[in-house]
Amino acid sequence: MPGSGTELGRPGTRRARRRAAVAVLAGLALAGAAHGQAPPEAPVAPDWRTPAEAAGYEATPSYAETLAYLARLAARLPELSLESFGVSPQGRPLTVAILSKERAFTPAAARATGKPIVLIENGIHAGEIDGKDACLELLRDLALGRQRELLDAATLLVVPVYNVDGHERVSPWNRPNQDGPVRGMGFRTTADGHDLNRDWLKLETPEARALVGLVNRWRPHLDVDVHVTDGVDLAWVFTYGLAEAPRLSAPVDAWLQARWPGVVAALERAGHGAGPYVSLVAEADPAQGIDSRVGEPRFSTGYFPLRNRPVVLVETHARKPYRQRVAAVRAFLGALLEDLRASGPALVAAVEEAERATVARGRPDAPPSEVVVAWRAAEPERIRVPFSDWTVERSSATGRDFLRFRPGTGRALEVPWLRRDVPAVALPRPRGYLVLPGWPAIESRLADHGLVVERLPEGRELEVETMRLSGPVFAARPYQGRTRVTPEVLRARERRALPAGTLWVPADQPDFEVAVQLLEPEAPDSLLAWGFLSTVFENKEYIDTWRLEDFALRALADPAVAAEWSRALEDEAFAADSRARYLWWFRRTPHWDRTVGELPVLRALEAPARP
Ligand SMILES: [Zn+2]
């Protein structure tokens, strides 16, 4: 109930009444056997209830309780294996539950089955934890021999909780807009305040490096990223965001467009209203439309398409009770796996075809093509959204208009829908990138994303495109702890002598678009944009005025320089700015550092002969 003051005094409010009602329902539903529609079988024996079921969905288990329950399931279900893929900064194990009918618990064995590998990550925002409890129910049902046919669909990699440290920062006051679990939920960010769903590309956190490491090893064919919304009230309990073509490569998009409507239809047949993710274009006017795009590679939905993989962003609706939200995610997982039983081989084939196409476009002898560096919204489509009825009120707290929804009422509206992107900045595809040696912020990211990188064993001269940066605009406040920067970029063709040890990032590799987004300065999440390379803007060495003065007096003997200096002084602001005057002269001396403003990344127009 966002913005509703009465909700702030939590005990004794609507929430408490709902809690009482939930408790009654839990009793009626014989050992908590979930929401009305699913699963079809008899109720679960009390000792096999998931911790959330046992708590009547008032609580979600701690990480230790979650792992203990998973260990019980693994002991009963030989197709389930638990592995650690890293350690959080507070020392908790990052755990993945691998589900495989063939007990193919290594990447090579899983690939040999020919089935898709599907990654489900829960709790990237740890307060939005529906996916964890839904996955526990799915795995429990399989352990009890229910819906065993779903084991045929895929190799599943279930990360029960990704942001494990945030998950343990439990409070009923977290997530003010979200209806449960009422006894408390975890916190959005890591302990040191990083949002893991802004860290897919820049990989600043150990958690993100560990999860992308898992992705590098397993190369899952599909990612599912489970969240809970904020914002508007509507009838859908299950909303989703998809990266689509042209952001997503054509063969993979074709698979998605063919299969996704069936998955949504199955979900709706099971009684869970579903529609695309709703973010209002105008805060207090639903009629202006919705935006479902979540595209920058800082998000899962922007990252996986760079690796030619489809990704489903699940956003259950915050104003629906926890029980109902978990049931919707559980039903979705069933519907998705049911579909993959038939469509899994086609997904594997589509991903492989897309990878081959990326590699082919990057070959040294490939015809010219482009890489898209940044995107913008395409023309809107139209969609009918089942909003709850609302009034527009003026907030006495903020002084701004806001929407007060009346839950349970209907005011469906056909509105503009920003669904797809079109290229905003595209550049000729280079044969690869060259990175000057000595920039660990770049080198470590290339390695962490599993990109193929070679090192030139000896110096050589190559035809390259340099990128000179000027006029940097730095953000006024930090974002994700960083000062973002936007410069002007000037590209120029030059023949350059490159030292031994220069990194070579060839374009003929399947994940090359990851390198494009890291290295092209105009990309929204490039290392430059996030401020990792801002030393390039700094002048590091100084020249004393007496040295500069001697240089200037000698230089002014040249009439051309003298005329240029006179013209410069006609600008009164410049003439009054001793620092600007200092730099004007310093840049003309042989002492000036020519690397200031030059990106240590070069676009290769020809590939170096491979050793
Ligand atoms: Zn979220």
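Report on the accompanying structure. (Residues numbered from 1 in each chain as written. Predicted model: local features only at pLDDT ≥ 70, side-chain atom pairs only at ≥ 80, totals over all residues. Heavy atoms only, no water.)

**A word on the coordination of the zinc ion**
Line of reasoning, step 1. For the zinc ion, every protein donor is listed as H125 (ND1), E128 (OE) and H227 (ND1), and the spread of their distances is 2.0 to 2.1 Å.
Line of reasoning, step 2. Summarised as a motif, the one-chain spacing of the donors to the zinc ion is H-x2-E-x98-H. Of the two residues, E128 is situated in the loop between β3 (117-122) and α5 (130-143) and H227 in strand β5 (residues 222-228); the sequence distance between them amounts to 99 residues. Take E128 and H227: they sit in the same class, and that class is buried. (Donors = N, O, S within 2.8 Å, 3.2 Å for Na, K, Ca; no water. Helix = DSSP H or I, 4+ residues; strand = E, 2+ residues; numbered from the N terminus. Buried < 20%, exposed > 50% of the residue type's maximum accessible area, 1.4 Å probe, protein only.)

**Points about the environment of W218**
Line of reasoning, step 1. As for its placement among the helices and strands, W218 is situated in helix α7 (residues 206-218).
Line of reasoning, step 2. You can call W218 buried: its relative accessible area is 4%.
Line of reasoning, step 3. Residues W218 and G459, spaced 241 residues apart in sequence, show a C-alpha to C-alpha distance of 36 Å.
Line of reasoning, step 4. The residues contacting W218, other than those within four sequence positions of it, are I98, A104, F105, T106, P107, A110, R111, I117, T155 and L157. (Contact = heavy atoms within 4.5 Å.)

**A closer look at helix α16 (residues 578-586)**
Line of reasoning, step 1. Among the residues of α16, those classed as buried are Y582, L583, W584, W585 and F586.
Line of reasoning, step 2. Its side-chain oxygen 3.1 Å from the backbone nitrogen of R579, D577 forms the N-cap of α16. (Polar contact = N/O pair within 3.5 Å; in protein donor to acceptor, adjacent residues only side chain to side chain.)

**Quick notes on the packing of helix α3 (residues 63-76) against α5**
For any two helices packed against each other, one specifies the crossing angle of their axes together with the interaxial distance.
Line of reasoning, step 1. Two elements in contact, α3 and α5, have axes separated by 9 Å at closest approach and are oriented at 20 degrees. In this view, α3 runs roughly parallel relative to α5, as classed from their interaxial angle. Relative to α5, α3 is oriented so that their crossing is left-handed. Residues T66, Y69, L70, L73 and R76 of α3 touch α5, and the partners they reach there are K132, L136, L139, R140 and A143. (Axes fitted to C-alpha atoms, helices over the stretch in contact; angles between N-to-C directions. Parallel < 35°, antiparallel > 145°, perpendicular 65-115°, else oblique. Left-handed = near helix turned anticlockwise from the far one by under 90°.)

**Description of empty space enclosed by the protein**
Line of reasoning, step 1. Using the criterion set out here, one finds six cavities of 30 Å³ or more in the structure.
Line of reasoning, step 2. Counted as a void, the largest cavity has a volume near 110 Å³.
Line of reasoning, step 3. Together, 14 residues line the largest cavity, and L242, A243, R293, V294 and D421 are the ones closest to its centre.
Line of reasoning, step 4. In the lining of the largest cavity, the residues fall into four nonpolar, four polar and six charged. (1 Å grid on protein atoms, 1.4 Å probe; cavity = no way out; pocket = protein on both sides within 12 Å on 5 of 7 lines; lining within 4 Å. Points joined across faces, edges and corners; volume = space filled by probe spheres on them. Nonpolar A, V, L, I, M, F, W, Y, C, P; charged D, E, K, R; others polar.)

**Comments concerning the layout of surface pockets**
Line of reasoning, step 1. Looking at the second largest pocket, its volume works out to about 360 Å³.
Line of reasoning, step 2. Taken together, 22 residues line the second largest pocket, and the ones lying closest to its centre are P246, R247, S249, W375 and E513.
Line of reasoning, step 3. Listed by contribution, the elements that provide at least two residues to the lining of the second largest pocket are α8 (250-269), α9 (300-306), α10 (322-361), β10 (370-377) and α12 (512-519).

**Digging into unusual backbone geometry**
Glycine aside, residues mostly have negative phi angles, and peptide bonds mostly take the trans form.
Line of reasoning, step 1. In this structure, P181 follows G180 across a cis peptide bond, with omega equal to 5 degrees.
Line of reasoning, step 2. Across the junction of A245 and P246, the peptide omega takes the value 5 degrees, indicating a cis bond.
Line of reasoning, step 3. Residue position: P246 is located in the loop between β6 (238-242) and α8.
Line of reasoning, step 4. Although it is not a glycine, L203 adopts a positive phi angle of roughly 50 degrees.

**Some details on the pattern of salt bridges**
Line of reasoning, step 1. Within the structure shown, the criterion is met by 53 salt bridges.
Line of reasoning, step 2. A salt bridge links R140 to E53; the nearest nitrogen and oxygen atoms lie 2.7 Å apart. Linking R140 in helix α5 with E53 in helix α2 (residues 51-54), this pair joins segments that are 87 residues apart in sequence.
Line of reasoning, step 3. For R140, a relative accessible area of 2% puts it in the buried group. (Salt bridge = Lys/Arg side-chain N within 4 Å of Asp/Glu carboxyl O.)

**Considerations on the sheet that holds strand β16 (residues 432-435)**
Line of reasoning, step 1. Reading across the sheet, the six strands line up as β17-β20-β16-β21-β18-β19 and stay open at both edges, with antiparallel pairing between neighbours. The sheet is open, and its two borders are formed by β17 (454-455) and β19 (485-498), each paired with just one other strand.
Line of reasoning, step 2. Relative to β19, strand β18 (residues 460-474) runs antiparallel, the two being bridged by 13 bridges. In the sheet register, V473 faces β19, and the bridge partner there is T486.
Line of reasoning, step 3. Most of the contacts of helix α11 (residues 440-448) go to strand β20 (residues 503-506), to which it runs at about 40 degrees, and overall it touches β16, β17, β20 and β21 (601-604).
Line of reasoning, step 4. Together, β16, β20 and β21 form the strand contacts of α12, whose direction differs from that of β16 by roughly 50 degrees. (Pairing = 2+ DSSP bridges.)

**Here's the deal with the side chain of R247**
Line of reasoning, step 1. Here R247 is to be found in the loop between β6 and α8.
Line of reasoning, step 2. Residue classification places R247 among the buried residues on the basis of a relative accessible area of 19%.
Line of reasoning, step 3. Engagement of the side chain of R247 in a polar contact is seen with the backbone oxygen of G295, the distance being 2.8 Å.
Line of reasoning, step 4. Apart from residues lying up to four places away in sequence, R247 is in contact with G295, E296, P305, W375 and D421.

**A short note on the nonpolar core**
Soluble globular proteins tend to bury their nonpolar side chains together.
Line of reasoning, step 1. Membership of the largest hydrophobic core comes to 122 residues, with the highest contact counts inside it found for F332 and L340.
Line of reasoning, step 2. Top element by residues in this core is α10. It accounts for 15 residues.
Line of reasoning, step 3. Contact partners of F332, with chain neighbours within four places excluded, come to V224, F238, W260, V263, L267, V312 and V314.
Line of reasoning, step 4. In this structure, I543, L548, W584 and V596 belong to the second largest nonpolar core, which totals 16 residues. (Core = buried A, V, L, I, M, F, W, Y, C linked by side-chain atoms within 4.5 Å.)

**So, the packing of aromatic side chains**
Line of reasoning, step 1. Using the criterion set out here, one finds 20 aromatic pairs in the structure.
Line of reasoning, step 2. Ring geometry for Y162 versus W200: centroids 6.3 Å apart, planes at 55 degrees, classification tilted. One end of the pair, Y162, is in the loop between β4 (155-159) and α6 (164-167); the other, W200, is in the loop between α6 and α7, with 38 residues separating them in the sequence. The pair Y162 / W200 is uniform in exposure class, with both members buried.
Line of reasoning, step 3. For the ring pair F238 and F332, a centre distance of 4.9 Å and an interplane angle of 40 degrees mean the geometry is tilted. Here F238 is found in strand β6, whereas its partner F332 is found in helix α10, with 94 residues between them in sequence. (Phe/Tyr/Trp six-rings, centres within 6.5 Å; stacked < 30°, edge-to-face > 60°.)

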